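Chain residues, written in single-letter form:
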2 protein chains.
Amino acid sequence: MSDEDRPDARTRALDAAEGLFAAKGFDSVTLRDISSSIGLTHAALYYHFPGGKEELFALVMERNIRRHGAGLSAAIDEGGPSLRGKLRGAASWFISQPPMNLNRMAQSDLAAFEPAVARRLMDLVYELILRRIQIVLAAARDSGEVGPCDPGLLAGGLLGLIESLHSVPVHIVKRDLCAMGFELIDVVLKGIDYKETGYAGS
Amino acid sequence: MSDEDRPDARTRALDAAEGLFAAKGFDSVTLRDISSSIGLTHAALYYHFPGGKEELFALVMERNIRRHGAGLSAAIDEGGPSLRGKLRGAASWFISQPPMNLNRMAQSDLAAFEPAVARRLMDLVYELILRRIQIVLAAARDSGEVGPCDPGLLAGGLLGLIESLHSVPVHIVKRDLCAMGFELIDVVLKGIDYKETGYAGS
DNA sequence: GTCTATATAAAGATAGAC
DNA sequence: GTCTATCTTTATATAGAC
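The following paragraphs examine the structure supplied in this document.

Rules of the game
- Residues numbered from 1 in each chain as written.
- Chains lettered and ligands numbered in written order.
- Predicted model: local features only at pLDDT ≥ 70, side-chain atom pairs only at ≥ 80, totals over all residues.
- Heavy atoms only, no water.
- Helix = DSSP H or I, 4+ residues; strand = E, 2+ residues; numbered from the N terminus.
- Buried < 20%, exposed > 50% of the residue type's maximum accessible area, 1.4 Å probe, protein only.
- Contact = heavy atoms within 4.5 Å.
- Areas by Shrake-Rupley, 256 points an atom, 1.4 Å probe, with all protein chains shown as cover.
- Least-squares fit on C-alpha atoms with pLDDT ≥ 70 in both.
- Salt bridge = Lys/Arg side-chain N within 4 Å of Asp/Glu carboxyl O.
- Near = heavy atom within 4 Å.
- Nonpolar A, V, L, I, M, F, W, Y, C, P; charged D, E, K, R; others polar.

Helix and strand counts for chain A come out as nine helices and zero strands. Each principal axis of the C-alpha atoms in chain A carries an extent, and together these give about 60 × 35 × 35 Å. Taken across its 202 residues, chain A has 48% of its residues classed as buried. In chain A, the share of contacts with a sequence separation of at least 24, taken over all contacts with a separation of at least 6, comes to 64%. Split by element, the accessible area of chain A, about 9500 Å² in all, is 56% carbon and sulfur.

A word on the relation of the copies chain B and chain A. If you rotate chain B by 180 degrees and push it 0.0 Å along the axis, it lands on chain A with an RMSD of 0.0 Å. In the structure described here, the two chain copies are related by an operation that fits a two-fold rotation axis. Closest approach to the rotation axis within chain B is made by the C-alpha atom of Gly 191 of chain B, at a distance of 1.9 Å. Most of the interface of chain B is mirrored in chain A, where 100% of its interface residues are also at the interface.

Residue and element names in this part refer to chain A. The full count for this structure, using the stated rule, is 26 salt bridges over all chains. For Arg 67, the salt bridge identified is with Glu 18, shortest N-O distance 2.8 Å. Highlighted residues: Arg 67 in helix H4 (residues 52-78) and Glu 18 in helix H1 (residues 9-24), separated in sequence by 49 residues. Under the relative-accessibility criterion, Arg 67 is labelled partly exposed at 31%. Take Glu 18: its relative accessible area is 12%, and that puts it in the buried class. Connected through salt bridges with shared partners, the residues Asp 15, Glu 18, Arg 63 and Arg 67 form a single ionic network.

Before going further, it helps to spend a moment on the protein's contact with DNA strand D. Around DNA strand D, a shell composed of 17 residues is seen, among which Arg 32, His 42 and Tyr 46 of chain A together with Thr 41 and His 48 of chain B lie nearest. Considering DNA strand D, the proportion of its atoms within 4 Å of the protein that are sugar or phosphate atoms stands at 63%. For the surface near DNA strand D, the elements supplying multiple residues, two or more each, are helix H2 (31-37), helix H3 (42-48) and H4 of chain A together with helix H3 (42-48) of chain B. A per-element tally of the surface near DNA strand D places H3 of chain B first, with four residues. Along the lines of polarity and charge, the residues of the surface near DNA strand D split into nine nonpolar, six polar and two charged.

To continue, consider the environment of Cys 178 of chain B. Summarising the element assignment, Cys 178 of chain B is placed in helix H9 (residues 177-190). Apart from residues no more than four positions distant in its own chain, Cys 178 of chain B is found in contact with Ser 92 and Ile 95 of chain B.

So this is what it looks like as structure tokens:
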């Protein structure tokens, strides 16, 4: 095992920035936070990202969205042919990842950015993530697997639902987050009247 | 109508801060943003809030949480005896208000606060908001109005679901946000197999 | 590529006049 | 109560040495 498996400084900067931006948001993270976490001074970041903090953030977010798009797509495909399997795959993916905090990105982080940049990132979210879920739902509806519904509305709702699991206070997490996600998926599929779930009361 | 209905400066500061903090988060709002929006200099804020920005934020958040608690409670009571009515009331309330962004508050805004302050605010959220929804669900389950379910999990999920409506891109909002919220409530109640909803296809 | 040093701007906070 | 003025710290960003 050579030491060549260590990413170059640019990639390490992107990785560090991704974690910090995801956890604290654009304004709360300083370039020094990022650079010092990979053993550089903040000035070195301007060599790799001449556009400064905004360029770094935009690059990080785009990479993050694309990674989520690819991971989500694979997880859906691995879920098998049923809608339930596909949605469980999607839930597993989002639960396995740090929270995307799309609300914060849209409403806070991108507020001070050039509209073109902000627009582009939000379009990517829609195209690679929301649309992917929407298509799954629309296919199930069109094939009659489920009844009439609004796939666009439901896709956003499902994402909010699953991502909200990341905010569950630790002392409330009695079970595996993934099991909780699956239970919420079953609620969406069958409603809370659903009797055949594995859940056995409080 | 006397001019006495104008709130005092302290209240106007809290009001302005509430809107700004809600929209942009703790770090993105400056004391000058708040003071200038009510025609004061930022130094004047230190007369009303000697503890500075952190005190102001904590006061604003506590007031906001209590207002949501009261509004939510009233909305649930006005929803009538059925679970569906109560949940529709809750949805109407959250949709009528600016987004709470509890995720951002818990994960970003409060990260740099004293643990005791952060803990206290999160406890208030649980006690006044999540618990209120949880109780409604538990009562419906215990009375047999719905089947077995986990009220704690569902309360958080419902909140995430409804709050996610605030992030729906404007060009996607084909209908009234409240109607969309009601449709999501019906999904939770009956699942997407539900055929008797008013929804009439894409 | 990364550093040190520095320029510049903005923010929280305080002192003291009015 | 609110202001002006100032202090201190911290951030982004740049220049130039190595």
